[in-house]
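Here is how the chains run, residue by residue.
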2 protein chains.
Amino acid sequence: MEIIKSYIQQHKNRFIDELIELLKIPSVSADAAYSQDVIDTSEAVKISLEKAGCDKVEICETAGYPIVYGEKIIDPNLPTVLVYGHYDVQPPDPIDLWTSPPFEPVIKKTEKHPDGAIFARGACDDKGQMYMHVKAFELMMQTNSLPCNVKFMIEGEEEVGSVNLKTFVENNQEKLKNDVILISDTGMISNQQPSITTGLRGLSYVEVEVTGPNRDLHSGLYGGAVANPINILAKMIAQLHDENNHITIPGFYDNVEELSLEERAEMAKAPFNLEDYKKALDLHEVYGEAGYVTNERNSIRPTLDVNGIWGGYTGEGAKTVIASKAFAKISMRLVPNQDWEEITTLFTNHFTSLAPAGVTVKVTPHHGGQGYVTPIDSIGYLAANKAYTETFGVPAIPVRSGGSIPIVALFEKELKSKTILMGFGLDSDAIHSPNEHFGIFNFLKGIETIPLFYKYFVELSK
Amino acid sequence: MEIIKSYIQQHKNRFIDELIELLKIPSVSADAAYSQDVIDTSEAVKISLEKAGCDKVEICETAGYPIVYGEKIIDPNLPTVLVYGHYDVQPPDPIDLWTSPPFEPVIKKTEKHPDGAIFARGACDDKGQMYMHVKAFELMMQTNSLPCNVKFMIEGEEEVGSVNLKTFVENNQEKLKNDVILISDTGMISNQQPSITTGLRGLSYVEVEVTGPNRDLHSGLYGGAVANPINILAKMIAQLHDENNHITIPGFYDNVEELSLEERAEMAKAPFNLEDYKKALDLHEVYGEAGYVTNERNSIRPTLDVNGIWGGYTGEGAKTVIASKAFAKISMRLVPNQDWEEITTLFTNHFTSLAPAGVTVKVTPHHGGQGYVTPIDSIGYLAANKAYTETFGVPAIPVRSGGSIPIVALFEKELKSKTILMGFGLDSDAIHSPNEHFGIFNFLKGIETIPLFYKYFVELSK
């Protein structure tokens, strides 16, 4: 423990500088304009793994962006930890809401991060959290304390649905063979109260297109006489929820697990203050499914949100036009047992059925993934909890997250091993938003906690 | 009549070339990026009026784009015709749907325009139709057949609501004094069947903004727990119409004139083929207010259309975000007796009342105008009808248009004179759409018909 602390103390400035360099590369996987930057980032990750001490590092080509694989095998008879992370980031827009450029990292103090936080797109999600593992590995190598084998699989398409990861995993079962998968791509309750994410929501992400007349029309000459695709799209979207904010898609809730009152009471113990929550978001009121509280609505309940909508004239001033087409990006967060492909089909059938004769509708599935629950009595969970307890002084609380890491379910299916989600970010770190940041405290605490996970995982595996 | 025909025959190529030059200037008033082009266009119009024979031409500055005024007073005791038109144009987007660049005019033959049509933004609305009057005036001057006084008022803000015209008209009552106002900014039934627009719809155009959380949020962590501004906006828009497509704004229909069955039977006589209408727009079905047919829905009935909507991530790929804000541009077409400012207030109050506690709503009125009906027994109407009858061989049919020219009501109020809407465009000319065009036949027919209007208007005024 002392060795770990002193090594971090000695090298922390370099750790931070290295992360800042990585954050300067705009690896936005959703926008083809950044494709070279995404490639460059994979190269940077490769080099960092080699420097940290991996024996073998490869850039594995896929149909999309490459997956960086690295490993250090010290003894085939010892357990193997597979670390997963991603080097791609979310698009930075709306860019004008950033207080500093998204790809020019700066360190600023915040209320939640008195020691300072690195502000940059990807600081927390996931370059910063991924890099904790690279540095923790370097630390174990340099202090001769690596207790087992380690493999790294860092991909570049997580923010666009990990579309090529499935094939890669299927085709590399042996290479990726492991005893536990470690991922830091989630958050924890607070810098005083660590938590381990034990549940994730699944995801179905689609794009819809509503077409009315074959060309844009003058709203004066045609207004009222033809179906306006934007009005129709709005009407269709509105029908996806009922007055209790239940989702109206037939069959949508069929496989949703209903938690017992006991389980819900257990969940309710996690520290949460609704007033602070509303205050942080400048909301007069929260809003959601009737019969559930906020922490249930965003974790154990499936949801449907429009992530983007556009159509007609959106420029300056006024244009009296009826658009030919209107579009929306819609995602559904799913809970364990809901099959994302089945849900995508249910959505497509229902949404199409809502269209009046005056328009045609096209639904294009983007991507998706299954929900996941990890048992809190597994060796991995117990090891992680011991590690947190030692570095934070208090045990971690198991929480269900509303987010989705579809590949966790994929890993269990293909690699037959459990995933432990050791997240060190905070909800307030604004991932996917302008001014994303990651606390220096959290970054270094992660590097301190991870080696202990290895230590206890090997001990408990004996 | 022969003199008119031969003059046009002799100069038509020059007329067309001059119009093409005018169409090359992208005078998009809705977009500040084009401001210099709008100014340049006002200069070009000034020069064209001087060349045509006006004694006095002025660029009249306003708080926005200037109004070009020109006049030719031959005898104060003779009647005066005031010609109104506009030199600004609609934005060209969606630009990629144009078959030729919007500001590089080309002449192409179409089914409806076997003699060819000029394709360019503004070709029909309104540069082409406005320029007919300039050339008809030149013709009368050159053939010594101008029978009365003429004044021109050509503005540059019609496509953004003529925001500064009211003040100008109020402050220049004497300068603009006239016996009849002549405008060509509407359409006619077909090249074989002229028509005169006797009714116009009013307009109320607003922009709405729905704000939820103070920043964009990760839809996984917050989805289902906070009001999503896009979903809410869709829900609010959907509530603006009921299942019969009646508008739900309380009081909206209070002043709507209900036409008698006789009047509606009279309207139904205008040639119209629903199958052709649907075919032209690639629609399986038309859509609109229950209890009214297509030609009533777009003329004697008020309507509400979303002209543009945007929010969240609209780029390539997928982004799992809950937007902080969602926006829409909404316009209402009004019928005579509906006061646009009152309707704007009714909309604002109702729309705001639809917002749940989880969001805040802002409604910003863009502009508007009153509806208008012109009597078919007025001297102006009779003179126009005689002119059409002579040049087309058949009398014009009076029609109600769904479009709005708010200034027509303004002129009647401020200048105490009636407006005659001699439109020469066709509904198929795609005004406000990609590939706007104006028939060569229509352009020249207008130049031929206008001098006859002057002739008969003076005769009938004696």
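These figures come from a predicted structure and were not determined experimentally.

Remarks on the overall build of chain A
1) Next: Summing up its helical and strand segments, chain A has 13 helices and 18 strands in all.
2) Next: Expected size for 462 residues packed as a compact globule is a radius of gyration near 23 Å; at 23 Å, chain A falls within 12% of this value.
3) Next: Taken as a whole, chain A presents about 16,500 Å² of accessible surface, with 53% of it coming from carbon and sulfur.
4) Next: A distance of 2 Å separates the average location of the 40 positive side-chain charges in chain A from that of its 62 negative side-chain charges.

Observations concerning the packing of aromatic side chains
Aromatic rings considered in pairs are described by the distance between their centres and by the relative angle of their planes.
Residues and elements named next belong to chain A.
1) Next: Taken as a whole and judged by the stated rule, the model has 30 aromatic pairs over all chains.
2) Next: Ring geometry for Phe453 and Phe457: centres 5.6 Å apart, planes at 20°, overall stacked. Of this pair, Phe453 and Phe457 both sit in helix H13 (residues 440–461), four residues apart, roughly one helical turn.
3) Next: Since its relative accessible area comes to 0%, Phe453 is described here as buried.
4) Next: Ring-pair connections join several aromatic residues into one group, and the members of that group are Tyr388, Phe392, Phe424 and Phe441.
5) Next: Geometry around Tyr69 places Lys175 over its ring, the cationic atom sitting 4.5 Å from the centre.

So, the pattern of salt bridges
Residues and elements named next belong to chain A.
1) Next: Tallied over the entire structure, the rule returns 50 salt bridges over all chains.
2) Next: Of the charged contacts in the structure, one is a salt bridge between Glu170 and Lys166, with a shortest N-O distance of 2.7 Å. Within this pair, Glu170 and its partner Lys166 are both found in helix H4 (residues 165–171), separated by four residues, close to a single helical turn.
3) Next: The class for Lys166 is partly exposed, based on a relative accessible area of 41%.
4) Next: A salt bridge links Glu258 to Arg301, with the shortest nitrogen-to-oxygen separation between them at 3.1 Å. Placement of Glu258 in the loop between helix H6 (229–238) and helix H7 (261–267) and of Arg301 in the loop between helix H9 (294–297) and strand S11 (303–312) is noted, with a sequence separation of 43 residues between them.
5) Next: Of the residues examined, Arg301 reaches a relative accessible area of 4% and is grouped as buried.

A closer look at the packing of helix H11 (residues 379–392) of chain B against helix H13 (residues 440–461) of chain B
Residues and elements named next belong to chain B.
1) Next: Here H11 crosses H13 at 135°, and the two axes come no closer than 7 Å. The orientation of H11 relative to H13 falls into the category oblique. As H11 packs across H13, the resulting crossing turns out to be right-handed. On H13, the residues that touch Ile379, Gly380, Leu382, Ala383, Ala384, Lys386, Ala387, Tyr388, Glu390, Thr391 and Phe392 of H11 are Phe441, Lys445, Glu448, Thr449, Leu452, Phe453, Tyr456, Phe457, Leu460 and Ser461.

Side note on the sheet that holds strand S11 (residues 303–312) of chain B
1) Next: Ordered by their spatial adjacency, eight strands build an open sheet running S14(A)-S9(A)-S13(A)-S11(A)-S11(B)-S13(B)-S9(B)-S14(B), and the pairing between neighbours is antiparallel. Where the open sheet ends on each side, the last strands, each with one partner, are strand S14 (360–369) of chain A together with strand S14 (360–369) of chain B. Across this sheet, the average inter-strand angle for adjacent strands is 20°, counted without regard to direction.
2) Next: Here nine bridges tie strand S9 (residues 202–211) of chain B to S14(B), and the two strands are oriented antiparallel to one another. Bridge pairing in S14(B) links Tyr205(B) to His367(B).
3) Next: The sheet strands contacting H6(A) are strand S9 (202–211), S11, strand S13 (325–334) and S14 of chain A together with S11 of chain B, and the helix crosses S13(A) at an angle near 15°.
4) Next: Strands in contact with helix H6 (residues 229–238) of chain B are S11 of chain A together with S9, S11, strand S13 (325–334) and S14 of chain B; relative to S13(B), the strand with the most contacts, it is inclined by about 15°.

Some remarks on the UniProt feature "domain: Peptidase M20 dimerisation" (unreviewed entry) in chain A
1) Next: According to UniProt, the positions carrying the feature "domain: Peptidase M20 dimerisation" (unreviewed entry) are residues 199–357 of chain A.
2) Next: Measuring from the first to the last C-alpha atom of residues 199–357 of chain A gives 42 Å, for a span that is 30% helix and 23% strand.

Some words on the interface of chain A and chain B
In many analyses, interface size is given as the accessible surface area lost on bringing the parts together.
1) Next: On the chain B side, the residues contacting the 93 residues of chain A number 93 residues.
2) Next: Counting the surface lost from both chain A and chain B, the interface buries some 7,700 Å², and carbon and sulfur atoms represent 53% of this.
3) Next: Together, Tyr287(A), Ile309(A) and Lys319(A) form the three largest contributors to the area buried by chain A at its contact with chain B, with a combined 9%.
4) Next: Where chain A meets chain B, there are zero salt bridges.
5) Next: Across the contact surface, chain A and chain B share 46 residue pairs in polar contact (both at pLDDT 80 or more).

Looking at the relation of the copies chain A and chain B
1) Next: When chain A is brought onto chain B, the operation consists of a screw motion whose angular component is 180° and whose axial shift is 0.0 Å, with 0.1 Å RMSD remaining. Here the copies are linked by what is in effect a two-fold axis.
2) Next: Both copies share a contact surface, since 100% of the interface residues of chain A are interface residues in chain B too.

Here we look at unusual backbone geometry
1) Next: Note the cis peptide between Asp93(A) and Pro94(A), where omega equals 0°.
2) Next: Backbone geometry places Asn144(A), a non-glycine residue, at a positive phi of 50°.
3) Next: By secondary structure assignment, the location of Asn144(A) is in the loop between helix H3 (127–142) and strand S6 (149–155).
4) Next: Phi is positive for Asp282(B), which is not a glycine, with a value near 55°.
5) Next: Classification of Asp282(B) as exposed rests on a relative accessible area of 55%.

As for H3(A)
All names here are of chain A.
1) Next: Between the first and last C-alpha of H3 there are 22 Å, a value that for 16 residues agrees with the 22 Å anticipated at 1.5 Å per step.
2) Next: Where burial is concerned, most of H3 is hidden: 14 out of the 16 residues are buried.
3) Next: Once H3 ends, the next one or two residues include Asn144, with phi positive near 50°.

Here's the deal with the side chain of Glu157(B)
Residue and element names in this part refer to chain B.
1) Next: As for its placement among the helices and strands, Glu157 is situated in the loop between strand S6 (149–155) and helix H4 (165–171).
2) Next: Look at Glu157: it is buried, it has no salt bridge, and the nearest opposite charge is Lys166 at 14 Å.
3) Next: Of note is the side chain of Glu157, whose polar atom sits 2.8 Å from the side chain of Asn164.
4) Next: Among all residues touching Glu157, those that are not within four sequence positions of it are Thr62, Gly64, Tyr65, Asp88, Ser162, Val163 and Asn164.

Describing the environment of Met332(A)
1) Next: The topology assignment puts Met332(A) in strand S13.
2) Next: When near neighbours in sequence (up to four residues on either side) are disregarded, Met332(A) contacts Gly202(A), Leu203(A), Ser204(A), Ile249(A), Phe252(A), Thr303(A), Leu304(A), Ile343(A) and Phe347(A).

Thresholds, definitions, all that
- Within each chain, residue numbers correspond to sequence positions counted from 1 in written order.
- Just so you know, chain letters begin at A and ligand numbers begin at 1, following the order they were written in.
- The predicted origin of the model limits local features to residues at a pLDDT of at least 70 and limits the giving and counting of side-chain atom pairs to 80 or more, whereas totals for whole chains, interfaces and linings rest on all residues.
- Hydrogens and water molecules were not included; the side-chain quantities draw on all heavy atoms of the structure.
- Segments assigned H or I by DSSP are reported as helices when at least four residues long, segments assigned E as strands when at least two residues long, and all are numbered from the N terminus.
- As defined in this context, the radius of gyration uses C-alpha atoms, and a globule is described by 2.2 Å times the residue total to the power 0.38.
- Residue burial considers only the protein chains on display, and all accessible areas are found by Shrake-Rupley using a 1.4 Å probe.
- A residue counts as positive if it is Lys or Arg and as negative if it is Asp or Glu; His and the chain ends are not included.
- Taken as the charge location is NZ of Lys, CZ of Arg, CG of Asp or CD of Glu.
- Stacked, edge-to-face and tilted are the three classes for Phe, Tyr and Trp ring pairs, Trp counted by its six-membered ring, which pair at centre distances within 6.5 Å; planes under 30 degrees apart are stacked, over 60 edge-to-face, the rest tilted.
- Each residue gets one of three labels from its accessible area relative to the maximum for its type: buried under 20%, exposed over 50%, partly exposed in between, using a 1.4 Å probe on protein chains only.
- We count a charge as sitting over a ring when the NZ of a lysine or the CZ of an arginine lies within 6 Å of the ring centre and within 35 degrees of the ring normal.
- By convention in these notes, a salt bridge is any Lys or Arg side-chain nitrogen within 4 Å of a carboxyl oxygen on Asp or Glu.
- Fitted lines through C-alpha atoms serve as axes, helices being fitted only where they are in contact, and the angles separating the N-to-C directions of these axes extend from 0 to 180 degrees.
- Throughout this description, any angle smaller than 35 degrees is read as roughly parallel, any larger than 145 degrees as roughly antiparallel, any in the 65 to 115 degree range as roughly perpendicular, and the remainder as oblique.
- Two helices crossing with the near one rotated counterclockwise from the far one by less than a right angle form a left-handed crossing, whereas a clockwise rotation gives a right-handed crossing.
- For this analysis, residues touch if any pair of their heavy atoms sits within 4.5 Å.
- Two strands pair if DSSP finds at least two bridges between them.
- UniProt positions are given in the numbering used here, feature names are shortened, and annotations may be inferred rather than shown by experiment.
- Accessible area that two parts lose when put together, evaluated with a 1.4 Å probe and summed over both, is termed the buried area.
- Residues adjacent in sequence count toward polar contacts only when both atoms are side-chain atoms; beyond that, a polar contact is any pair of N or O atoms within 3.5 Å, and within protein one must be able to donate a hydrogen and the other to accept it.
- The atoms used to superpose the copies are C-alpha atoms, taken from residues with pLDDT of at least 70 in both, and the fit is least squares.
- Residue count minus one, scaled by 1.5 Å, sets the expected span of a helix.

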